[in-house]
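Summary of structural features
These are the residues of each chain, in order.
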Amino acid sequence: MLRLSVLLTGITLLLSFNILASPTQPQIPVSPGPVTQLPGYANSIQGQESGHLKVNTATDGGEAYLFYWFAEAESGDTTSPIVIWLNGGPGSSSLDGFFMENGPFYIDPLAMEKGKDYIKPRQYSWHKFAAYMAIDQPAGTGLSFSTSNAAAAQNEDQATEQLYRGIQLFLDNHKEKNYRARPLIIAGESFGGHYVPSIATKILEMNKDASNSNINLIKISLGNPWVDPAIQNPLMPVFAAEHSTLTHKQFNETRTLSLNCTTQILKFKDKTVPKWVNDYCMNAVNIVVKDAQRNLYDFRRRGPDYAFKALGQYMNRDDVRTAINAVSVATKKWDDTNSWVADQFAAGEQNSKSKLFPPLFESMPVLIYSGDQDMCCNYFATVSWLQNIDWSGKEAFLATTQKDFYDVYDQAYQTVRSSDNLTMFTFPTAGHLVPMDQPKLAFDMMKNYVQKNSMSQWFKALPARVQDKD
């Protein structure tokens, strides 16, 4: 999720677990290897591996490592696409998504209290229709680390470069399985609206040079993305007001602050927007959440943020670290959001990445989906920044009539709009983390997206009213 949670609380989101003291410099990691069992999981595991990829060596000798967890497609199809999953933040661990949204397993907190069979297979895991790989990035996030600050990415450009090296290294390490020939889809959410188009653009650029090993990127996917803050920030108080949670005075105050935020952002056109602007922009958000007494990421909830206590307790156990080949960082505290990474990337957090999208729309299918209870990266803001950029299919997309899916009670449970390479889903009963809130619907959406060559043709073939027959 976005780093907004850090500023809302005044401190980085820290979950309450018992952990060992963390050394300044974690050990050099063990080699990646199979994941064959997990504490709390009753069955053996096949087709999964995890470990660290070295992505940088700094002039001071420090090294940076990214942690990944790969799960082969459950069907055993070794030609299926590989979906790389990236959480946002900046600094949020992709193991959030792995355990809380779309990975092979989830944690049952009640069973965990009893100490038996609390890791369970997820019914709607995305590895049921594709290989799935979660990557903690940049270094410092989750179980990724560096042995010196100089080796870690200091900004988004360096993070993109290191992620690119990590993907290349992973593919090189599996030449015997020919992973490089398999289609690759990069998916993310929230600040993934920066990460995903950046790494996709990097891959396309590097693929043009025949001396580079080709990465077979075919599609990207974004959930509730943070893309163009100058447009998105002012629409947060509008969202809150439309949900009748602000007084007229509160709305005017927060609206003024957010518009001033945009004014400051636009002063730094083609430059990195500094940290102080990011801090100022969060003032309006802080007021909205405080006065509205609502969750920034899901307006149906109380409290400013999500809290994944059981996940934090689990990831900070030595036996878990051993099982997933992270024993070398067994004393590194796992946090939902890493404060050092969040602070490093505060400069640039308010920059727009919208200019990266037109070439991507021309090059490959792009899926964008939103939960309509998310104030932070709400649907209206996404449509607004899409309207503010130009690509060849823009007018056709904006003119496309959306189609609704209906449940057995004749209530719309998702809407779809698709034209050419761009498809948008909206889920009326989901927040920032759509796969967590609507696992089956997100599963069906992503499965169709992965398996179909043209989502727009699929969309055109849909009847005007589609009912869920389950």
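What counts, and where the lines are drawn
One numbering rule holds for all chains: residues counted from 1, following each sequence as written. pLDDT decides what is reported in this predicted model: residues at 70 or higher carry local features, side-chain atom pairs at 80 or more are listed and counted, and totals for whole chains, interfaces and linings draw on all residues regardless. The side-chain quantities take in all heavy atoms of the structure and omit both hydrogens and water. The rule for a salt bridge is simple: a side-chain nitrogen of Lys or Arg has to be within 4 Å of a carboxyl oxygen of Asp or Glu. The numbering of helices and of strands both runs from the N terminus, where a helix is a DSSP run of H or I of at least 4 residues and a strand a run of E of at least 2. The cut-offs for exposure are 20% and 50% of the maximum accessible area for each residue type, with area from a 1.4 Å probe on protein chains only; residues under the lower value are buried, those over the upper are exposed, and the others partly exposed. The definition used for a disulfide is geometric: two cysteine sulfur atoms within 2.5 Å. The pairing criterion is simple: DSSP has to find at least two bridges between the two strands. Look down the strands so they point away from you; if the path from the first strand over the helix to the second goes clockwise, the crossover is right-handed. Two residues form a contact once any of their heavy atoms are found within 4.5 Å. The predictor reports its confidence for every residue as pLDDT, a score running from 0 up to 100. For this analysis, a ring pair means two rings from Phe, Tyr or Trp (six-membered ring only for Trp) whose centres lie within 6.5 Å, classed as stacked if their planes differ by under 30 degrees, edge-to-face if by over 60, and tilted for the remaining angles. Whether a charge sits over a ring comes down to the Lys NZ or Arg CZ being within 6 Å of the ring centre and within 35 degrees of the ring normal. Think of each axis as a best-fit line through the C-alpha atoms, taken over the contacting stretch in the case of a helix, with angles from 0 to 180 degrees between the N-to-C directions. Oblique is the label for any angle not covered by the other classes, which are roughly parallel (under 35 degrees), roughly antiparallel (over 145) and roughly perpendicular (65 to 115). Each crossing gets its hand from how the near helix is turned against the far one by less than a right angle, where anticlockwise is left-handed and clockwise is right-handed. Polar here means any residue other than Ala, Val, Leu, Ile, Met, Phe, Trp, Tyr, Cys and Pro, which are nonpolar, and Asp, Glu, Lys and Arg, which are charged; Gly is therefore polar.

Thoughts on the pattern of salt bridges
Throughout the structure, instances matching the rule amount to 16 salt bridges. Of the charged contacts in the structure, one is a salt bridge between Arg 182 and Glu 72, with a shortest N-O distance of 2.8 Å. With Arg 182 in the loop between helix 4 (156–172) and strand 9 (184–189) and Glu 72 in the loop between strand 3 (63–71) and strand 4 (82–86), the pair connects residues that are 110 residues apart, well separated along the chain. Relative accessible area serves as the criterion here: at 4%, Arg 182 is assigned to the buried category.

Overview of the state of the cysteines
Under the counting rule described, the total for this entry stands at one disulfide. Across a sulfur-sulfur distance of 2.1 Å, Cys 261 and Cys 281 are joined as a disulfide pair. Sign of the S-S torsion, about 95° for the bond between Cys 261 and Cys 281, identifies this disulfide as right-handed. Separated by 20 residues along the polypeptide, Cys 261 in helix 8 (residues 248–266) and Cys 281 in helix 9 (residues 275–292) bring together distant segments of the chain. Both residues of the pair, Cys 261 and Cys 281, count as buried. Just so you know, Cys 376 is unpaired, no disulfide at all, and the nearest cysteine sulfur is the one on Cys 377, 3.7 Å from it. Note on Cys 376: relative accessible area 0%, which makes it buried.

Structural notes on the pairing of strand 9
Within strand 9, six of the six residues are buried, which leaves it mostly tucked inside the rest of the structure. Side chains Leu 184, Ile 186 and Gly 188 of strand 9 all project onto a buried face; the interleaved residues Ile 185, Ala 187 and Glu 189 project onto the opposite face, where all are buried too. As judged from the five bridges shared by strand 4 and strand 9, these two strands associate in the parallel manner. Note on strand 9: the bridge partner recorded for Ile 84 is Ile 186. Two elements, strand 9 and strand 10 (residues 217–223), share six bridges in a ladder whose sense is parallel. For Gly 188, the partnering residue across the bridge sits in strand 10 and is Leu 222. Taken together, strand 9, helix 5 (residues 192–207) and strand 10 form a β-α-β motif whose crossover is right-handed.

Thoughts on the environment of Ser 213
For Ser 213, the location among the structural elements is in the loop between helix 5 and strand 10. For Ser 213, a relative accessible area of 36% corresponds to the partly exposed category. For the pair Ser 213 and Gln 168, spaced 45 residues apart in sequence, the C-alpha to C-alpha distance is 7.7 Å. In this structure, Ser 213 is in contact with Tyr 164, Gln 168, Arg 180 and Asn 207, ignoring residues within four places of it in sequence.

Some words on the confidence of the model for the protein chain
Of all residues in the protein chain, 89% attain a pLDDT of 70 or more, and the chain-wide mean is 87. Here residues 3–24 is a poorly scored stretch, pLDDT under 50, and it has 65 contacts once near neighbours within four places are set aside; other chains count.

Looking at the packing of aromatic side chains
Throughout the structure, instances matching the rule amount to 25 aromatic pairs. On the basis of an interplanar angle of 35° and a centroid distance of 5.2 Å, the ring pair of Phe 70 and Tyr 179 is categorised as tilted. Of this pair, Phe 70 sits in strand 3 while Tyr 179 is found in the loop between helix 4 and strand 9, placing the two residues 109 residues apart along the sequence. Residue Phe 70 is classed as buried on the basis of its relative accessible area of 1%. Consider the rings of Phe 357 and Phe 361, whose centres lie 5.8 Å apart with planes at 45°: the pair is tilted. Taken as a pair, Phe 357 and Phe 361 lie in helix 13 (residues 357–363) at a separation of four residues, close to a single helical turn. The exposure class of Phe 357 is buried, given its relative accessible area of 0%. Aromatic rings pair up to connect Tyr 41, Trp 69, Phe 98, Phe 99, Phe 105, Tyr 118, Tyr 132 and Tyr 314 into one cluster. It is Lys 202 that lies over the ring of Tyr 164; its NZ or CZ is 5.7 Å from the centre.

Section: helix 7 (residues 235–242)
For helix 7, the buried fraction is high: six of the eight residues fall into the buried class. Leu 235, Met 236, Pro 237, Val 238, Phe 239 and Ala 240 are the residues of helix 7 that are buried. Directly after helix 7, the chain includes Ser 244, whose backbone phi takes a positive value near 60°.

Some thoughts on the pairing of strand 11 (residues 366–371)
Across the six residues of strand 11, six count as buried, placing the element largely inside the fold. Neither face of strand 11 is exposed, since Val 366, Ile 368 and Ser 370 on one face and Leu 367, Tyr 369 and Gly 371 on the opposite face are all buried. Where strand 10 lies against strand 11, four bridges are found, and the strand directions are parallel. Directly across from Gly 223, in strand 11, lies its bridge partner Tyr 369.

What to know about the packing of helix 7 against helix 8
Packing of helix 7 against helix 8 brings their axes to within 8 Å, and their N-to-C directions diverge by 160°. Taken together, helix 7 and helix 8 sit at an angle that is classed as roughly antiparallel. The way helix 7 lies across helix 8 gives a crossing that is left-handed. Along its contact with helix 7, which presents Leu 235, Pro 237, Val 238 and Ala 241, the element helix 8 presents Phe 251, Thr 254, Arg 255 and Ser 258. Residues belonging to the contact of helix 7 with helix 8 are distributed by class as follows: five nonpolar, two polar and one charged.

Considering unusual backbone geometry
Most peptide bonds are trans, and most residues other than glycine sit at a negative phi. Residue Pro 90 follows Gly 89 across a cis peptide bond; omega there is 0°. Counting through the fold element by element, Pro 90 comes out in the loop between strand 4 and helix 2 (95–102). The omega torsion across Gln 137 and Pro 138 is 0°, close enough to zero to call that bond cis. Here Asp 117, not a glycine, exhibits a phi torsion of approximately 50°, which is positive. Looking at where Asp 117 falls in the secondary structure, it is placed in the loop between helix 3 (109–114) and strand 6 (119–121). Judged by relative accessible area, which is 35%, Asp 117 ranks as partly exposed. Although it is not a glycine, Asp 270 sits at a positive phi angle of roughly 65°.

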